[in-house]
Amino acid sequence: MCLSVFIFTQEKSGFEFLPEGMNFKPLKANHQEARFGILYYTATSNLKVDIGNSSDIIAYYLNEGNTKLTAGIDFMAYAFSTSYAGNRLQIDALDGFFGGNISYSQKTENGKFLGRFRVVHNSAHFVDGHFNVAENKWIDDRTPIPFTRDMGELTLANQINYNSAILKYYGSISYSTLVRPADLKKYSGNCGVEVAFTDILGKFLNKSTQLYFAYHFSLVGIPEYMGNSHSMLGIKAGEWEGKGISLYLSYFNGNNVFSEYYKDRIEKFGIGFFVDFN
């Protein structure tokens, strides 16, 4: 660990193509982040299926490697899997995202300061699992909404490393140059916190494990501004900022995360997992 920190802070300089890891890690409790995993809703047996990744393409190092700038790409989607008329694992609704980001990190005495600006296109769709083939109509007579959001989002975060814990808190603001339907507000905001305890659980198959808690709050206008909250309690196998697998409990209260249902207020508990690629 000490050797890797020494190399990063002393030898990195200038540009690097395809740097290792990610400069700004996806926010764990924000559903609009790139990840690969499944969330099982216990009350209905429905699933939220995440497929996506974010990758830094180029990096630039300053201040003997203590300051890092990166540019990367984001491609992701999450789908609503249901069961209907005896058919299991039907894809009812889908949100897709693609875009890019510029991220910044600056090492501090006991952690680091982080920033990310990303530009993302988000569109939502009903899929064939929402269509009743026998009656040749959309289920519940709910037809597709032409949902689109093209947004720029700025997120600032501070991470503090303690002896056996890591604390990160953040806030962000976003503005959408294009929204559809037109009654959506163009401004929105987020804030949240992540806390990881690194020495409580010991090792699993010679890999470090962390017990963590994450909370994300978002304020969105749909059309009136309303708050959404998501809490997670989980265990990650693997380094906190590296590759690993997370198992977690989830509680969400707010507007449906699937944008075709964006006006519906819901409350859901789930059990899930996801994989951190970097």
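Calculation rules
- Residues numbered from 1 in each chain as written.
- Predicted model: local features only at pLDDT ≥ 70, side-chain atom pairs only at ≥ 80, totals over all residues.
- Heavy atoms only, no water.
- Core = buried A, V, L, I, M, F, W, Y, C linked by side-chain atoms within 4.5 Å.
- Buried < 20%, exposed > 50% of the residue type's maximum accessible area, 1.4 Å probe, protein only.
- Helix = DSSP H or I, 4+ residues; strand = E, 2+ residues; numbered from the N terminus.
- Contact = heavy atoms within 4.5 Å.
- Pairing = 2+ DSSP bridges.
- Phe/Tyr/Trp six-rings, centres within 6.5 Å; stacked < 30°, edge-to-face > 60°.
- pLDDT = per-residue confidence, 0-100.

Comments concerning the nonpolar core
Argument step 1. Ranked by internal contacts, the top residues of the largest apolar core, which has 25 residues, are Phe80, Ala93, Tyr212, Met232, Tyr248, Phe258 and Tyr261.
Argument step 2. Mapped onto this core, the elements with two or more residues apiece are β2 (36-41), β4 (67-84), β5 (87-108), β6 (111-126), β13 (207-221), β15 (244-255) and β16 (265-276).
Argument step 3. Core analysis: the second largest hydrophobic core is formed by seven residues, Ala124, Val179, Val220 and Ile222 among them.

A few points about the environment of Leu184
Argument step 1. Structurally, Leu184 can be placed in the loop between β10 (165-180) and β11 (187-197).
Argument step 2. A C-alpha to C-alpha distance of 29 Å links Leu184 and Asn132, two positions 52 residues apart in sequence.
Argument step 3. Not counting residues up to four positions away in its chain, the partners in contact with Leu184 are Phe147, Arg149, Val179, Gly221, Ile222 and Tyr262.

Brief notes about the pairing of strand β3 (residues 47-62)
Argument step 1. Of the strand pairs in this sheet, strand β1 (residues 14-17) and β3 are connected by four bridges, and their pairing is antiparallel. By the bridge assignment for β3, Phe17 is matched with Ile58.
Argument step 2. In terms of strand pairing, β2 meets β3 through four bridges, oriented antiparallel. Following the sheet pairing, Gly37 is matched in β3 by Asp50.

Examining the packing of aromatic side chains
Argument step 1. Counted under the stated rule, the structure contains 15 aromatic pairs.
Argument step 2. Centroid distance Phe147 to Tyr262: 5.7 Å. Interplanar angle 50 degrees. Geometry classified as tilted. Of this pair, Phe147 sits in strand β9 (residues 147-161) while Tyr262 is found in the loop between β15 and β16, placing the two residues 115 residues apart along the sequence.
Argument step 3. Given the relative accessible area of 7%, Tyr262 is considered buried.

A few points about the environment of Leu233
Argument step 1. Position of Leu233 relative to the elements: it lies in strand β14 (residues 225-237).
Argument step 2. Assessed through its relative accessible area of 44%, Leu233 is described here as partly exposed.
Argument step 3. As for Leu233 and Glu135, which are separated by 98 residues in sequence, their C-alpha atoms are 42 Å apart.
Argument step 4. Not counting the four nearest positions on each side in its chain, Leu233 is found in contact with Leu211, Tyr212, Leu247, Tyr248 and Leu249.

Topic: the confidence of the model for the chain
Argument step 1. Mean pLDDT over the chain stands at 93; residues scoring 70 or higher make up 95%.
Argument step 2. Below pLDDT 50 for its whole length, residues 1-10 participates in 13 contacts with residues either more than four positions away or in separate chains.

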